[in-house]
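Descriptive analysis of the structure
Chain by chain, the residues:
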Amino acid sequence: MNPVSIFFDSIEVDLKTGPDMCDITHDLTRLINKSKIKNGSLCATVVGSTGSITTIEYEPGVVEDLKRAIDRIAPQGIEYEHELAWHDGNGHSHVQAALLGPSIALPVRNSQLRLGTWQQAVCINHDNKSRSRSIEVTITGTN
Amino acid sequence: MNPVSIFFDSIEVDLKTGPDMCDITHDLTRLINKSKIKNGSLCATVVGSTGSITTIEYEPGVVEDLKRAIDRIAPQGIEYEHELAWHDGNGHSHVQAALLGPSIALPVRNSQLRLGTWQQAVCINHDNKSRSRSIEVTITGTN
Amino acid sequence: MNPVSIFFDSIEVDLKTGPDMCDITHDLTRLINKSKIKNGSLCATVVGSTGSITTIEYEPGVVEDLKRAIDRIAPQGIEYEHELAWHDGNGHSHVQAALLGPSIALPVRNSQLRLGTWQQAVCINHDNKSRSRSIEVTITGTN
């Protein structure tokens, strides 16, 4: 069997005021190609405490529905202790991001992400301003 | 030290209309045995945008409680943009699955999953119909 | 390229009645140093079905805000089927932990965790009593 190798790189995406999200599936696929890894596992982690990563069917309806659900879970209008101390207005952003979580692990099979046909990886910005988001990607597997 | 190796395989489970879930711990343990990997990490990812994976105490009470909580977070009765466009009635399924997330990473120690005594890995179907769910499993570690 | 190696160890933390949480970033960094791994991926998984792991800005305001959000998602006062059978009063704990999830995957770069400046890894106890929590850590990468 071929020896296991590790490849790592990062992706940068520009996102609007949260909750905003973008499809990073093509970027992840590009890194798999660059890595030459055929089979293994890909971990993607967003850097920063007001971002998150998950998978969805990336079509405008689901994107809007998920934004609304995120706003319901930690709405902007209620009182946050974080804001009482820091006055930066993003208490809800921190809570939303922590609940969704910063990372996903995805299967790499035959040099491709093994996802459903209607399943895409997304990075979400929860901050109360536009942000450039960095996603660290680590791919472990065999050539 | 023994060299690191990678093993990958998949599990198929049949689930009813969501939210429905099943215990996949024994399937994961079977794959660890098949892999011959003694120590390392196991990543399990559900294929499809209306499924999710997590861990719970798999007893009928908690299963029912988690189903109810999932329904509270994204209820079936409210308006979803996804349904306005696609009319397939599963807007809530997409939102629920995205919030829970598609993947978990679990420790492999001494050829076994290191989980709590009352902690099991579960795959959840959120779709509004019964589904056969595929879970991709990647195990990285040493023999 | 250096061969890939795997390192594993565990962390113990003492937490109060849930939701309570603590910063485990320094413990994870200590294990990265111990592992001698420079670049790769770290998986951290809490053992037990009433614990969870995520990342937040670990300051008292966000900690309090996240606790409140966790209590809103699965409040202690409502009826849980788990309690009808087991009478241990922690039905909410199981639901909360399952929704947040037991594991995260974090990037290791230049022998350090690559997180945001204000982003820390936390372990959360959701149980209705103080608990000593064990977190299994697996680091995969190259020296």
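Details of the structure are given in the entry above.
Note on numbering: residues in each chain are counted from 1, in written sequence order. In the order they appear in the text, chains get letters beginning with A and ligands get numbers beginning with 1. With pLDDT at 70 or above as the cut-off, local features in this predicted model cover only qualifying residues; side-chain atom pairs require 80 or more to be listed or tallied, and sums for whole chains, interfaces and linings still use all residues. Heavy atoms from the whole structure form the basis of all side-chain values; hydrogens and water molecules are not counted.

1. Quick word on the relation of the copies chain C and chain A
Basically, it comes down to this: The superposition of copies rests on a least-squares fit of C-alpha positions from residues with pLDDT of 70 or more in both. By definition, residues are in contact when any of their heavy atoms lie within 4.5 Å.
Each copy of the sequence occupies a distinct position, and chain C is placed on chain A by a rotation of 120 degrees and an axial shift of 0.0 Å, giving an RMSD of 0.0 Å. The superposition operator between the copies reduces to a three-fold rotation axis. Minimal C-alpha separation from the rotation axis in chain C is found for Val4 of chain C, amounting to 3.7 Å. A distinct binding surface is used by each copy, with only 9% of the interface residues of chain C retained as interface residues in chain A.

2. So, the side chain of Thr55 of chain C
We apply this condition: Secondary structure follows DSSP: runs of H or I at least 4 residues long count as helices, runs of E at least 2 residues long count as strands, and numbering of each begins at the N terminus. Only protein chains enter the accessibility calculation, which uses a 1.4 Å probe; a residue is then buried when its area is under 20% of its type maximum, exposed when over 50%, and partly exposed in between.
Along the polypeptide, Thr55 of chain C turns up in strand S4 (residues 51-56). Under the relative-accessibility criterion, Thr55 of chain C is labelled buried at 4%. Not counting chain neighbours up to four residues away, the residues in contact with Thr55 of chain C comprise Ala98 and Pro102 of chain A together with Ile104, Leu106, Gln119, Gln120 and Ala121 of chain C.

3. Considerations on the environment of His87 of chain A
Formally: Identification of polar contacts relies on pairs of N or O atoms within 3.5 Å, with a donor-acceptor requirement for protein atoms, meaning one able to donate a hydrogen and the other able to accept it, and with residues adjacent in sequence counted only if both atoms are side-chain atoms.
Counting through the fold element by element, His87 of chain A comes out in the loop between helix H3 (81-86) and helix H4 (91-100). A polar contact is formed between the side chain of His87 of chain A and the backbone oxygen of Leu84 of chain A, at a distance of 3.2 Å.

4. Quick word on the relation of the copies chain B and chain A
Between the two copies of the chain lies a relationship made up of a rotation around an axis and a movement along it. For the pair chain B and chain A, the best superposition has an RMSD of 0.0 Å and corresponds to a rotation of 120 degrees with a translation of 0.0 Å parallel to the axis. A low fraction, 10%, of the interface residues of chain B reappear at the interface in chain A, so the copies pair through non-equivalent surfaces.

5. Section: the interface of chain C and chain A
Applicable threshold: Buried area is calculated as the accessible area (1.4 Å probe) missing from two parts once they are joined, with the contributions of both summed. Any carboxyl oxygen of Asp or Glu within 4 Å of a side-chain nitrogen of Lys or Arg constitutes a salt bridge here.
Opposite the 33 residues of chain C that make contact, chain A presents 31 residues. With both sides pooled, the region where chain C packs onto chain A buries about 2500 Å², and carbon together with sulfur makes up 62% of that total. Ranking the residues of chain C by area buried against chain A places Asp65, Arg72 and Arg109 of chain C at the top, with a combined share of 19%. The tally of links between chain C and chain A comes to 3 salt bridges. Across the pair Arg68 of chain C and Glu81 of chain A runs a salt bridge, and its minimum N-O distance is 2.8 Å. Linking chain C to chain A there are 17 residue pairs in polar contact (both at pLDDT 80 or more).

6. Observations concerning helix H2 (residues 60-73) of chain B
Residues and elements named next belong to chain B. This is how it is decided: Multiplying 1.5 Å by the helix residue count minus one yields the expected span of that helix.
In this model, H2 (14 residues) spans 20 Å end to end at C-alpha, consistent with the 20 Å of a helix rising 1.5 Å per residue. Regarding H2, the residues found buried are Gly61, Val62, Val63, Asp65, Leu66, Ala69, Ile70 and Ile73. In this structure Glu59 caps H2, since a side-chain oxygen of it lies 2.8 Å from the backbone nitrogen of Gly61.

7. Some details on the state of the cysteines
In plain terms, the rule: Disulfide assignment relies on a single distance test, namely cysteine sulfur atoms paired within 2.5 Å.
According to the stated counting rule, one finds 0 disulfides over all chains in the structure shown. With no disulfide of its own, Cys43 of chain A lies closest to Cys43 of chain C among cysteine sulfurs, the gap being 5.0 Å. Of all cysteine sulfurs in the structure, the one in Cys22 of chain C sits closest to Cys123 of chain C, which takes part in no disulfide; the separation is 5.7 Å.

8. Some words on the interface of chain B and chain A
How big an interface is tends to be stated in terms of accessible area lost as the parts join. The criterion, for reference: In this classification, the charged set is Asp, Glu, Lys and Arg, the nonpolar set is Ala, Val, Leu, Ile, Met, Phe, Trp, Tyr, Cys and Pro, and all remaining amino acids, among them Gly, are polar.
Between chain B and chain A, the residue contacts involve 31 residues of the former and 33 residues of the latter. The largest share of the area that chain B buries against chain A comes from Ile6, Glu81 and Leu99 of chain B, three residues that together contribute 21% of it. Along the contact surface separating chain B from chain A lie 3 salt bridges. Between Arg109 of chain A and Glu136 of chain B there is a salt bridge, with the nearest N and O atoms lying 2.9 Å from each other. The tally of links from chain B across to chain A stands at 17 residue pairs in polar contact (both at pLDDT 80 or more). Mapped by element, the contributors of at least two residues to the side of chain B that touches chain A are strand S1 (4-15), strand S3 (39-46), helix H3 (81-86), helix H4 (91-100) and strand S8 (131-142) of chain B. Its residues placed into classes, the side of chain B that touches chain A shows 17 nonpolar, 10 polar and 4 charged.

9. Notes on unusual backbone geometry
A cis amide bond links Gly18 of chain B with the next residue in sequence, Pro19 of chain B, at an omega value of -5 degrees. Inspection of the secondary structure puts Pro19 of chain B in the loop between S1 and strand S2 (20-23). Although it is not a glycine, His87 of chain A adopts a positive phi angle of roughly 55 degrees. Given a relative accessible area of 66%, His87 of chain A falls into the exposed group.

10. Regarding the sheet that holds strand S2 (residues 20-23) of chain A
Residues and elements named next belong to chain A. Quick reminder of the rule: Only strands joined by at least two bridges in the DSSP assignment are considered to pair. The axes used here are C-alpha line fits, helices contributing only the stretch in contact, and every angle between their N-to-C directions lies in the interval 0 to 180 degrees.
Spatially, the 3 strands line up as an open sheet ordered S2-S7-S4, and their pairing is antiparallel. The outermost strands of the open sheet, each flanked by one partner alone, are S2 and strand S4 (51-56). The mean angle between the axes of side-by-side strands here comes to 30 degrees, regardless of whether they run parallel or antiparallel. Summarising the sheet, S2 and strand S7 (residues 120-125) pair through 4 bridges and their orientation is antiparallel. By the bridge assignment for S7, Asp20 is matched with Asn125.

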